[in-house]
Amino acid sequence: MTEAAEIDVVVVGAGPSGLILTKQLTELGVDHVVFERNRDVGGIWDIDAEGSPMYESAHFISSKTLSGFPGFPMPDHYPDYPNHREILDYIRSYADEYDLRRHIEFDVSVVHASSATGGRWLVELSDGRSVSAGYLICANGVTWEPNVVTWPGQETFTGEVRHSNTYRSPTEFSGKRILVVGAGNSGVDIACDAAFAAEQAYLSVRRGYYFFPKFVGSKPLDVFVGDGPKLPGVIEERLFSLLLKIIVGDPTRYGLPKPEHGPMECHPLMNTQILHYLGHGDCIAKGDIERFDGDDVVFTDGSRERIDLVLTATGYHHASPFLDDDIFETRSGRPDLYLGMFPRNHENLAVLGFIEFSSAAYSNFDHMARVILAEVTAPKGSPRREDFRRRKLEHFPDLTGGHRYIDSARHANYVDVETYLELLSEITSEHAALAAA
């Protein structure tokens, strides 16, 4: 067997988080390589990439003003909420601007990574090669491994059931009765597509949600909030409740359940268009599914509807399938990581992009990457490296910012972004002082 080539750092994935990492690694002069299984950069935003969950009507749910890479704003001619093709072009222009592709090997998957002699990682690749990595960073994203849900009677259902990651275009709905299951942002987007393209659309939800408008006046919502004063969490919660009552109204008028949580205690659902369709009967709200019966879907309230296609927008597993199952400890089925980035039982393994927050991702990923690379570049036995080791074992910070997030798998590792970034800033400052000592 040929001896594996040694590389200081291996990054898995060349989506936005992988590009942020390779940019920073290059600036620090760290020997590294990025392995990307698809033909180019872009991650999920490449609708033509194998396994991408992208669909034709998809847009960013945060505005272009706050969503860009640090130091590289989105073009002025972009709309406030760019579509998926514009986002992909933007991501690729970022790679062009900083010549990032020279560090990336495309059409190469990481098949398996395991701990090897000397604390390194043996990384096995789809082309038959293996490399030895001093540090492994998983930037492979969280929307590639669908969470597939089944119900009693489904095996005899005469219609079609598939996960929303297979959906691409409203043309798939023509002449059909469509049921979308799940009211996350993608589920509600797809329900809107079905509302105008299908014979009849239905949306099945288990709980109540708040529907946030994308604009307040002429401003994107995140810009409107960012321009306002920073308020204590309780006051912010009350003001948002009042704002939503004034702008959006009571969601139960549309046949939806009443939310049993505050508007800041759940990932924001940035879509009020669905309320238009519910109000016009083009989409009909339904409760949870109880079972399937022949042509029909039967709901927990006893009602039933004849359905041709069920699309389950039931989320994704936060998975790194190239790692053994026991590498990550889990909580509510999600990797339980220190700061949402570091397994507590490894010194040379990190994840970027698995944490959940209600904020534009790329600038936050940039802050997170700097903390990861502080460990990557800390010499073994140094005060910085020892501080990381101690924190992983002993530090269990409350990152909720006082919010009581709803009890669901998605929110198991949810953080208040301002609380989170403040802690990252403290750690970065402390490590800078340790490095200078």
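Everything numeric in this text was worked out from a predicted model, so none of it was measured.

(A) Local environment of the pattern of salt bridges. Under the criterion given, the structure shown has 31 salt bridges. Here D40 ties to R92 by a salt bridge, and the two come within 3.4 Å at their closest N and O atoms. Highlighted residues: D40 in the loop between β2 (32-36) and α2 (64-67) and R92 in helix α3 (residues 84-97), separated in sequence by 52 residues. Across the pair, exposure class does not vary: D40 and R92 are buried alike. With a closest N to O distance of 3.1 Å, D99 and R102 form a salt bridge. Here the residues in one salt-bridge network are R39, D40, D46, D48, R92, D96 and R101, joined through shared partners.

(B) Highlighting a nonpolar patch on the surface. A cluster of nonpolar side chains, I235, L239, L242, I246 and I247, forms an exposed patch at the surface whose accessible area comes to about 470 Å². Summarising the element assignment, L239 is placed in helix α6 (residues 233-247).

(C) Quick peek at the sheet that holds strand β13 (residues 283-286). Read from one edge to the other, the open sheet built from five strands follows the order β8-β17-β9-β10-β13, with strand pairing classed as parallel. Both outer strands of the open sheet, β8 (160-163) and β13, are each paired with one neighbouring strand and no more. Between one strand axis and the next, the sheet turns by 20 degrees as a mean value, whatever way the strands run. Against the sheet, helix α7 (residues 273-280) touches β10 (200-204) and β13, its axis set at about 95 degrees to β13.

(D) Quick look at the packing of aromatic side chains. Following the criterion strictly, the structure yields 17 aromatic pairs and no others. Judged by centre distance (3.8 Å) and plane angle (10 degrees), the ring pair of F69 and Y94 falls under stacked. With F69 in the loop between α2 and α3 and Y94 in helix α3, the pair connects residues that are 25 residues apart, well separated along the chain. Grouping residues by exposure puts F69 and Y94 together as buried. An angle of 55 degrees between the planes, with centres 5.8 Å apart, marks the rings of W151 and F292 as tilted. Separated by 141 residues along the polypeptide, W151 in the loop between β7 (145-146) and β8 and F292 in strand β14 (residues 289-293) bring together distant segments of the chain.

(E) Main features of helix α8 (residues 361-376). Here α8 is 16 residues long and its end C-alpha atoms lie 22 Å apart, about the 22 Å a rise of 1.5 Å per residue gives. Within α8, twelve of the 16 residues are buried, which leaves the element mostly enclosed by the surrounding structure. Buried within α8 are the following residues: Y362, N364, F365, D366, M368, A369, V371, I372, L373, A374, E375 and V376.

(F) A look at the sheet that holds strand β15 (residues 296-299). Read across the open sheet, the three strands follow the order β14-β15-β16; overall the sheet is antiparallel. Edge positions in the sheet fall to β14 and β16 (304-306), since each has one partner strand and no second. Strand-to-strand twist in this sheet, taken as the mean axis angle between neighbours without regard to direction, amounts to 20 degrees. For β14 and β15, the ladder comprises four bridges, and the chain directions are antiparallel. In the strand pairing of β15, F292 is matched with V297.

Thresholds, definitions, all that
Residues numbered from 1 in each chain as written. Predicted model: local features only at pLDDT ≥ 70, side-chain atom pairs only at ≥ 80, totals over all residues. Heavy atoms only, no water. Salt bridge = Lys/Arg side-chain N within 4 Å of Asp/Glu carboxyl O. Helix = DSSP H or I, 4+ residues; strand = E, 2+ residues; numbered from the N terminus. Buried < 20%, exposed > 50% of the residue type's maximum accessible area, 1.4 Å probe, protein only. Patch = residues over 30% accessible without salt bridge, like charges linked within 9 Å, V, L, I, M, F, W, Y side chains within 5 Å. Areas by Shrake-Rupley, 256 points an atom, 1.4 Å probe, with all protein chains shown as cover. Pairing = 2+ DSSP bridges. Axes fitted to C-alpha atoms, helices over the stretch in contact; angles between N-to-C directions. Contact = heavy atoms within 4.5 Å. Phe/Tyr/Trp six-rings, centres within 6.5 Å; stacked < 30°, edge-to-face > 60°. Expected span 1.5 Å × (residues − 1).

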